[in-house]
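# A look at the structure
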Amino acid sequence: MIGKSILRVTPKVLIPAIMLFGLYVQFHGDYGPGGGFQAGVIFAAAVIVYGLLFGTHKARRVIPPGIVRFFLAFGVLLYAGTGVAGMLLGGNFLDYDVLAHDPVHGQHIGILVIEFGVGATVAAAMITIFLTFAGHDRPLEDK
Amino acid sequence: MIDLIDMVLLLIMIAVALGFVFIRNLFAIVMLSGIFSLTAATLYVVMDAVDVAFTEAAVGAGIATVLGIVALSLTGKTDEAPSTRSNIGPFLVTMLTGTILINATFDMPNYGDPEAPIHQHVAPRYIQQSGDEIGVPNIVTSVLASYRGYDTLGEVVVVFTAACGVLALLGRRRRPGRRPKEKIGAGADAETRQ
C-alpha cells in the first residue's frame, strides 16, 4: 500500500468512526436499532478494513490472535454466566429480574451484560474467520 | 408508493438471482451476493424491520462479501465449465419444489394482517408488557435478549462454533514438506508467526 496515499489516509479517517459507531450500536441497542450482534460485526469490520489495506500480519500485531480467541470464548461464557448468576440469586436460568433489587433494573443490567457478551463473541468470530482465511498465503489445494 | 418500491426491489433481487445462474465469474457473483443482501436490507427497511435490515446490511452485504473475496483468493476466480450432460432431472425437482412453495404462499396471511397467527400468539403480550417488565424502549432488544434469551444464547454458541470450526480446519498453516503430524509441538501454529 506504500504510495497509494488515498488507501493509506482513508482508513485513518474511517476506522475510528467505524469503531465508535460499533460502540454506539452496542450500548444504544436498548433504545434504537442494533445490539450486540450488529455491533460485533461493525467492530470486526473496522479490523477487517485495516487487515485488507495493511495486510493480515499487521492486523495480527494490532489485535493478537490470543486476545481475539479469549474474547471469542469470553462472550459465550459471559452470556451463560449471566444466566447462572440469575440461578445463584434464586431465579431461573437467564432470568434477569433477580440481578438487582428492582426487576426492571435487573433486566437492564442483564440485557447490557449479555449484549456485551454477544458483541464480544461475534466480533471475535468475524475477526478470527477473516484473519484465518486471509492469513493463508497460497491457494488451498484439493487433496 | 410502497408497493412500487417493493416491486422494484423484488425485481432487482430476481435480476440478481438470475445473474447468479448465468455468470461464471466468481468475483462478479460475490459482488452480486452483496448487492442481493443490500437490496434485501432495503426491503426490510421498507417493512419497518430496521434491526433485521441492520444485520442483513452488516453481515450479508459487508462481512460475507469480504469473506467471499478472501475465499476466492484461496481458490480460483472462475467456476468450472457447466457440465454438458443432461440436467433434466434436477431441473424437474427444482421446478416441482418451486411450484409447491409458491402454491404454499397462497395460504399465508397477508402482510400486516392483524389476524395472522404470528400476531395472535405471544406478540401482543410482548408489546403490551415489555414496557413494564423489561423497560427497554426497543422491544426487539427486549424480545431477543430477555424473552427469547435462550434462543440468542444458542445463536451466540453457533457463531462461536463456526469460528472454532474455521480455526480447526484452517487455523494451522501448512508448510510444504511437513506432515500435519509433525507440526504439533513444533511451534508451527499459524498464529505464532507474525
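Residues numbered from 1 in each chain as written. Chains lettered and ligands numbered in written order. Predicted model: local features only at pLDDT ≥ 70, side-chain atom pairs only at ≥ 80, totals over all residues.

### Some points on the packing of helix α5 (residues 103–134) of chain A against helix α8 (residues 149–170) of chain B
The N-to-C vectors of α5 of chain A and α8 of chain B enclose an angle of 20 degrees; their axes lie 9 Å apart at closest approach. By the angle between their directions, the pair α5 of chain A and α8 of chain B is classed as roughly parallel. For the element pair α5 of chain A and α8 of chain B, the recorded crossing hand is left-handed. Two secondary-structure elements touch here, α5 of chain A through I114, G117, V118, T121, V122, A124, A125, T128, I129, T132 and F133 of chain A and α8 of chain B through G149, T152, V156, V159, F160, A162, A163, V166, L167 and L170 of chain B. Taken together, the residues that form the contact of α5 of chain A with α8 of chain B break down as 15 nonpolar, six polar and no charged. (Axes fitted to C-alpha atoms, helices over the stretch in contact; angles between N-to-C directions. Helix = DSSP H or I, 4+ residues; strand = E, 2+ residues; numbered from the N terminus. Parallel < 35°, antiparallel > 145°, perpendicular 65-115°, else oblique. Left-handed = near helix turned anticlockwise from the far one by under 90°. Contact = placed C-beta atoms within 7 Å. Nonpolar A, V, L, I, M, F, W, Y, C, P; charged D, E, K, R; others polar.)

### Regarding the interface of chain A and chain B
Every contact between the two is made by 49 residues of chain A and, on the other side, 40 residues of chain B. Secondary-structure elements contributing two or more residues to the side of chain A that touches chain B are α2 (36–54), α3 (56–62), α4 (65–88) and α5 of chain A. Here the side of chain A that touches chain B takes 20 residues from α5 of chain A, the largest share from any one element. For the side of chain A that touches chain B, a count of residues per class yields 29 nonpolar, 16 polar and four charged.

### Describing helix α1 (residues 2–22) of chain B
For α1 of chain B, spanning 21 residues, the distance from its first C-alpha to its last is 30 Å, which sits close to the expected 30 Å at 1.5 Å a residue. For α1 of chain B, the buried fraction is low: one of the 21 residues fall into the buried class. (Expected span 1.5 Å × (residues − 1). Buried ≥ 20, exposed ≤ 12 C-beta atoms within 10 Å, placed from the backbone.)

### So, the environment of L170 of chain B
All names here are of chain B. Mapping L170 onto the fold places it in helix α8. According to the C-beta neighbour criterion, L170 is partly exposed, with 17 such atoms within 10 Å. Placed 103 residues apart in sequence, L170 and L67 show a C-alpha to C-alpha distance of 14 Å.

### With respect to the confidence of the model for chain A
Confidence along chain A averages 86 in pLDDT terms, with 92% of residues attaining 70 or more. For chain A, the element scoring lowest by mean pLDDT is α3 of chain A, at 87; α4 of chain A scores highest, at 92. (pLDDT = per-residue confidence, 0-100.)

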